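Geometric and topological summary
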Amino acid sequence: MNSKLPLIMAHAGGDKYFQENSLKAINQSNKLKPDIIELDVRKSKDNVLFCHHGKILLGLLKAYFSSYRKFDDIKKGKTIFTLEKILSEIKNNPIMYLDIKDKRINAKDIENVFRKAKFSRVYIASYSKKYLVNLKNVLGKKYLYAYQHPIFFIKSFIKRYKGKINMVKIFRWEKKYFKELKKQGFQPKLYYSFYSKKRYIEDSIKLKSLYICTGDTKKTRELMKKLLEIENVVDF
């Protein structure tokens, strides 16, 4: 694995050409070897952890309410897999990044999954700071904790969550805080909104952002190499 930043993250297992969070997407990522594989994780009514994101707006609402049904009902007529099954198919020991979509998922659920699935580094991600801190209080430093929402009031965030949350996202107009966040022990990641794809990758390279999120690992890797060769942004 390339230890230099930014790393490449395969979004939803690598969802550019295949269904999100699917075995086909994972098989493609096994071949392309991204540094990080991101999965969207939900919990069914009968306590099964499964991987599903849902398309924008209506699809997201359907995905949200699906968590209140039993897993056998959820997967009827759909290609949806358990988290355990997806993890069992992943090769090359990438960094795992679990975007937790359901706060009913608790520390015991996570520990049960990773008793079988062994990865050298695992991020637990959420839009809830409180949820992440509570998980860390139980799970400890065995996992890393990522706050999914771009942060506002960065100085107060640093003061309150230093040592509690590892990865944070920031908007492009707050790039000046990158060095300070790193100095304080955070792993900052540039948020992609309000960017063209090329400029997002350029700035991610210059700032040594933690990762670049993409559905197409191959094309993103090629574009990164091209930008580095042309502009000599950083020794990668």
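For the structure itself, consult the block above.
In this report, the structure presented in the accompanying data block is examined.

Some details on the overall build of the protein
- Along its length, the protein carries 10 helices and 10 strands.
- Its C-alpha radius of gyration of 18 Å places the protein within 12% of the 18 Å reference for a compact globule of 236 residues.
- Taking the principal axes of the C-alpha coordinates as reference, the protein spans close to 50 × 40 × 35 Å.
- By residue count, 51% of the 236 residues in the protein fall in the buried class.
- Within the protein, contacts between residues separated by at least 24 positions form 57% of all contacts whose residues are at least 6 apart in sequence.
- Carbon and sulfur atoms form 52% of the exposed surface of the protein, whose accessible area is close to 12800 Å².
- Averaged over its 53 positive side-chain charges, the protein has a centre that lies 4 Å from the centre of its 23 negative ones.

As for the state of the cysteines
- Here the structure, examined in full by the defined rule, presents 0 disulfides.
- Counting only cysteine sulfurs, C213 is the nearest neighbor of C51, a cysteine outside any disulfide, at a range of 15 Å.
- Residue class for C51 comes out buried when judged on its relative accessible area of 2%.
- Judged by relative accessible area, C213 falls into the partly exposed class, the value being 26%.

Points about unusual backbone geometry
- Cis geometry marks the peptide bond from L5 to P6, where omega comes out at 0°.
- Residue placement: P6 occurs in the segment before β1 (7–10).
- One non-glycine residue with positive phi stands out, namely N21, at about 55°.
- As for its position among the elements, N21 is in the loop between β1 and α1 (23–32).
- Accessibility expressed as a relative area gives 0% for N21, which makes it buried.

Focus: the layout of surface pockets
- Taken as a whole, the largest pocket encloses approximately 1100 Å³ of empty space.
- Forming the walls of the largest pocket are 40 residues, and the residues nearest its centre are H11, H53, K101, Y127 and Y192.
- Those elements giving two or more residues to the lining of the largest pocket turn out to be β2 (36–43), α2 (58–66), β5 (95–100), α9 (197–207) and β10 (211–214).
- Broken down by element, the residue count for the lining of the largest pocket peaks at 4 residues, all from β10.
- Its residues placed into classes, the lining of the largest pocket shows 16 nonpolar, 10 polar and 14 charged.

Observations regarding the pairing of strand β6 (residues 122–126)
- Most of β6 sits inside the fold, with 5 of its 5 residues counted as buried.
- The alternating pattern of β6 places V122, I124 and S126 and Y123 and A125 on opposite faces, both of which are buried.
- In the sheet, β5 pairs with β6 via 4 bridges, with the strands oriented parallel. Bridge pairing in β6 links D99 to A125.
- The β-α-β motif built from β5, the intervening helix α5 (residues 107–116) and the parallel element β6 has right-handed crossover chirality.
- As paired strands, β6 and strand β7 (residues 144–150) are joined by 4 bridges and run parallel to one another.

Reading the values: rules and limits
Residues numbered from 1 in each chain as written. Predicted model: local features only at pLDDT ≥ 70, side-chain atom pairs only at ≥ 80, totals over all residues. Heavy atoms only, no water. Helix = DSSP H or I, 4+ residues; strand = E, 2+ residues; numbered from the N terminus. Rg over C-alpha atoms; globule rule 2.2 N^0.38 Å. Buried < 20%, exposed > 50% of the residue type's maximum accessible area, 1.4 Å probe, protein only. Contact = heavy atoms within 4.5 Å. Areas by Shrake-Rupley, 256 points an atom, 1.4 Å probe, with all protein chains shown as cover. Lys, Arg positive; Asp, Glu negative; His and termini not counted. Charge placed at Lys NZ, Arg CZ, Asp CG, Glu CD. Disulfide = S-S within 2.5 Å. 1 Å grid on protein atoms, 1.4 Å probe; cavity = no way out; pocket = protein on both sides within 12 Å on 5 of 7 lines; lining within 4 Å. Points joined across faces, edges and corners; volume = space filled by probe spheres on them. Nonpolar A, V, L, I, M, F, W, Y, C, P; charged D, E, K, R; others polar. Pairing = 2+ DSSP bridges. Right-handed = clockwise from strand over helix to strand, strands pointing away.

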